[in-house]
Amino acid sequence: MKLYGVYGANGFGREVMPLLRQQVADSPNTTCVFVDDAIGRDSENGHRRMSFTQFLEHPAGSRATTLAIADGAVRRKLSEKCTAAGVAFAEVRAFNSVVMDMVQISEGLVLCGFTTITSNTKIGRHFHANIYSYVAHDCVIGDFVTLAPSVKVNGNVTIGDQVYIGTGAVVRQGLKIGAGATIGMGAVVIRDVAPGTTVVGNPARELIKK
């Protein structure tokens, strides 16, 4: 049996599960489950919910996970945990997502519905693009980057590891977004963003915590 796990049974995980199920529907003897170590119900949306230990112990000829956690730092820790346990990673793409020419994609990709990655881009490990997001030509995206719904990343943008870009944000062509930065929902980014900072607004400015 082939065992697939969506790691994370909360909102985004419940959005990813139908995409994974559709993707493996024609594969014989396949089971899809949620993997979540938090205390909760025995099932979610008709799929069994397991702890990571149960996922490892469940009889299977092969097993793979998709990390459906929005927080990039948490996703990194889970990827290390899965790798140490010998668990492979499943790439998930909605049937109506688009990937164009000469795109380099690393493991663990999740492309939700109506997302687009255009030509000559490089995508790091465990990248998430939520519904209606796009990454345009010649971008370089780091590891564990998250695009919330309707994010627009224009051409020649470089994004560091573990960046989170909120719903509806727009990133101007040619910018650099430093590792660990957060871009707030609806932000219009017209200048480079320093590592570890949070920017909000139109035009986007650094959020100073008092």
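Here the structure is a predicted model, which means the values were calculated and not measured. (Residues numbered from 1 in each chain as written. Predicted model: local features only at pLDDT ≥ 70, side-chain atom pairs only at ≥ 80, totals over all residues. Heavy atoms only, no water.)

### Focus on the overall build of the protein
Stage number 1. Secondary structure assignment for the protein yields 3 helices and 25 strands.
Stage number 2. Over its C-alpha atoms the protein spans a radius of gyration of 17 Å, differing by no more than 12% from the 17 Å that the globule rule assigns to 210 residues.
Stage number 3. Taken over the C-alpha atoms alone, the protein extends approximately 50 × 45 × 30 Å along its principal axes.
Stage number 4. Within the protein, the proportion of its 210 residues that are buried is 46%.
Stage number 5. Expressed as a percentage of contacts within the protein between residues at least 6 apart in sequence, the contacts between residues at least 24 apart total 26%.
Stage number 6. The averaged location of the 17 negative side-chain charges in the protein is 5 Å from the averaged location of its 21 positive side-chain charges. (Helix = DSSP H or I, 4+ residues; strand = E, 2+ residues; numbered from the N terminus. Rg over C-alpha atoms; globule rule 2.2 N^0.38 Å. Buried < 20%, exposed > 50% of the residue type's maximum accessible area, 1.4 Å probe, protein only. Contact = heavy atoms within 4.5 Å. Lys, Arg positive; Asp, Glu negative; His and termini not counted. Charge placed at Lys NZ, Arg CZ, Asp CG, Glu CD.)

### Some details on the domain arrangement of the protein
Stage number 1. Domain boundaries in the protein define domain 1 (2-89) and domain 2 (91-199).
Stage number 2. One C-alpha centre belongs to domain 1, the other to domain 2, and the line joining them spans 23 Å.
Stage number 3. Regarding the contact of domain 1 and domain 2, the summed buried area is about 1,600 Å², with carbon and sulfur atoms giving 55% of it.
Stage number 4. For the interface between domain 1 and domain 2, the tally reads 1 salt bridge.
Stage number 5. One salt bridge connects Arg-76 with Asp-161, and the closest N-O pair in it is separated by 3.6 Å.
Stage number 6. Joining domain 1 to domain 2, the criterion identifies 10 residue pairs in polar contact (both at pLDDT 80 or more).
Stage number 7. Broken down by secondary-structure element, the contributors of at least two residues to the side of domain 1 that touches domain 2 are α1 (11-23), β5 (62-67) and α3 (72-84). (Domains from an automatic or database assignment. Buried area = accessible area lost by both parts, 1.4 Å probe. Salt bridge = Lys/Arg side-chain N within 4 Å of Asp/Glu carboxyl O. Polar contact = N/O pair within 3.5 Å; in protein donor to acceptor, adjacent residues only side chain to side chain.)

### A closer look at the side chain of Ser-79
Stage number 1. Structurally, the position occupied by Ser-79 is in helix α3.
Stage number 2. Once you skip the residues sitting within four places of it in the chain, Ser-79 turns out to touch Leu-67, Phe-89, Arg-125, His-126 and Phe-144.

### Concerning the packing of aromatic side chains
Stage number 1. Counted by the stated rule, this structure contains 2 aromatic pairs.
Stage number 2. Taking 5.8 Å as the distance between ring centres and 25° as the angle between the ring planes, the aromatic pair formed by Tyr-7 and Phe-52 counts as stacked. Pair noted here: Tyr-7 is in strand β1 (residues 2-7) and Phe-52 is in helix α2 (residues 52-57), with a separation of 45 residues, a long-range link. In this structure, Tyr-7 and Phe-52 share a single accessibility class: buried. (Phe/Tyr/Trp six-rings, centres within 6.5 Å; stacked < 30°, edge-to-face > 60°.)

### So, a nonpolar patch on the surface
Stage number 1. On the surface, Phe-114, Ile-131 and Tyr-132 cluster together into a nonpolar patch covering about 310 Å² of accessible area.
Stage number 2. Under the relative-accessibility criterion, Tyr-132 is labelled partly exposed at 47%. (Patch = residues over 30% accessible without salt bridge, like charges linked within 9 Å, V, L, I, M, F, W, Y side chains within 5 Å. Areas by Shrake-Rupley, 256 points an atom, 1.4 Å probe, with all protein chains shown as cover.)

### A few points about the UniProt feature "active site" (unreviewed entry) in the protein
Stage number 1. Look at the UniProt record and you will see "active site" (unreviewed entry) annotated at His-137.
Stage number 2. Structurally, the position occupied by His-137 is in the loop between β14 (134-135) and β15 (140-141).
Stage number 3. Once residues within four sequence positions are removed from consideration, His-137 is found in contact with Thr-118, Ser-119, Asn-120, Thr-121, Gly-155, Asn-156 and Gln-173.
Stage number 4. There is a polar contact of 2.8 Å between the side chain of His-137 and the side chain of Asp-138. (UniProt positions renumbered as here; feature names shortened; annotations may be inferred.)

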